[in-house]
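Now for the letters of each chain:
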Amino acid sequence: MTSAEPQTELPQATGSCCSPSGSCHDGAAAGAGRPAGVTSVYQVAGMTCGHCEGAVSKELSALPGVTSVTAEAASGRVTVVSESALDEAAVREAVDEAGYELTGPAA
């Protein structure tokens, strides 16, 4: 004799990280359906570790329109994605505020 166990389907939570589309995002996330924006790569002097990367990323992320920042201490490169081109003076000020030096665009 075999016993059949009832199968129960759990309802999908709205806004969950497990969306009905199978994505980790529910489609209402920031940037959904929009172009990636403008990518700028800068050279920053003085970064030596993960803490440095975090400090620079935090300051640059606070600039209006910035959607993503990736800082790499080993190379000194900081990649910023923004909705539109950033004012270099604002970028320089943010990097200075973090305690580092913007030496220019990355080569």
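These numbers come from a predicted model, not from an experiment. (Residues numbered from 1 in each chain as written. Predicted model: local features only at pLDDT ≥ 70, side-chain atom pairs only at ≥ 80, totals over all residues. Heavy atoms only, no water.)

Colleague: Please give an account of a negative patch on the surface that cites residues and values.
Modeller: Where like charges cluster on the molecular surface, the negative patch consists of E93, D96, E97 and E101. The element contributing the most residues to the negative patch is helix α2 (residues 88-98), with 3 residues. Within the element layout of this structure, E93 appears in helix α2. (Patch = residues over 30% accessible without salt bridge, like charges linked within 9 Å, V, L, I, M, F, W, Y side chains within 5 Å. Areas by Shrake-Rupley, 256 points an atom, 1.4 Å probe, with all protein chains shown as cover. Salt bridge = Lys/Arg side-chain N within 4 Å of Asp/Glu carboxyl O. Lys, Arg positive; Asp, Glu negative; His and termini not counted. Charge placed at Lys NZ, Arg CZ, Asp CG, Glu CD. Helix = DSSP H or I, 4+ residues; strand = E, 2+ residues; numbered from the N terminus.)

Colleague: Just give me the short version of the confidence of the model for the protein chain, but keep the residues and values in it.
Modeller: For any part of a model where pLDDT is low, the fine detail of the predicted coordinates should not be relied upon. On average, residues of the protein chain carry a pLDDT of 78, and 66% of them reach 70 or more. Counting contacts from residues 8-35, a segment whose pLDDT is below 50, to residues more than four positions away or on other chains yields 13 contacts. (pLDDT = per-residue confidence, 0-100. Contact = heavy atoms within 4.5 Å.)

Colleague: Please set out the side chain of S82 residue by residue, giving values where relevant.
Modeller: For S82, the position within the fold is in strand β3 (residues 77-82). With relative accessibility at 1%, the residue S82 sits in the buried group. A distance of 2.6 Å separates a polar side-chain atom of S82 from the backbone oxygen of S84. (Buried < 20%, exposed > 50% of the residue type's maximum accessible area, 1.4 Å probe, protein only. Polar contact = N/O pair within 3.5 Å; in protein donor to acceptor, adjacent residues only side chain to side chain.)

Colleague: Just give me the short version of the sheet that holds strand β1 (residues 38-45), but keep the residues and values in it.
Modeller: The antiparallel open sheet is built from 4 strands, whose spatial order is β2-β3-β1-β4. Of all strands in the sheet, those bounded by a partner on one side alone are β2 (66-72) and β4 (101-105). Strand after strand, the sheet turns through a mean of 30 degrees between neighbouring axes, direction not considered. As defined by bridge partners, β1 adjoins β4 across 4 bridges and the pair is classed as antiparallel. The residue of β4 that forms the bridge with A45 is E101. Strand contacts of helix α1 (residues 50-61): β2 and β3, with the helix running at about 160 degrees to β2, the strand carrying the most contacts. Relative to the sheet, α2 contacts β1 and β4, its axis offset from that of β4 by approximately 145 degrees. (Pairing = 2+ DSSP bridges. Axes fitted to C-alpha atoms, helices over the stretch in contact; angles between N-to-C directions.)

Colleague: Tell me about α2, residues and numbers included.
Modeller: Those residues of α2 not exposed but buried are V91, A94, V95 and A98. Projection of α2 onto a plane perpendicular to its axis shows the buried side chains occupying an angular sector of 95 degrees, all on one side. Those residues of α2 that are exposed and angled more than 90 degrees off the buried face are E93 and E97. Where α2 is buried, its residues meet β1, α1 and β4. (Arc of directions from axis to C-beta.)

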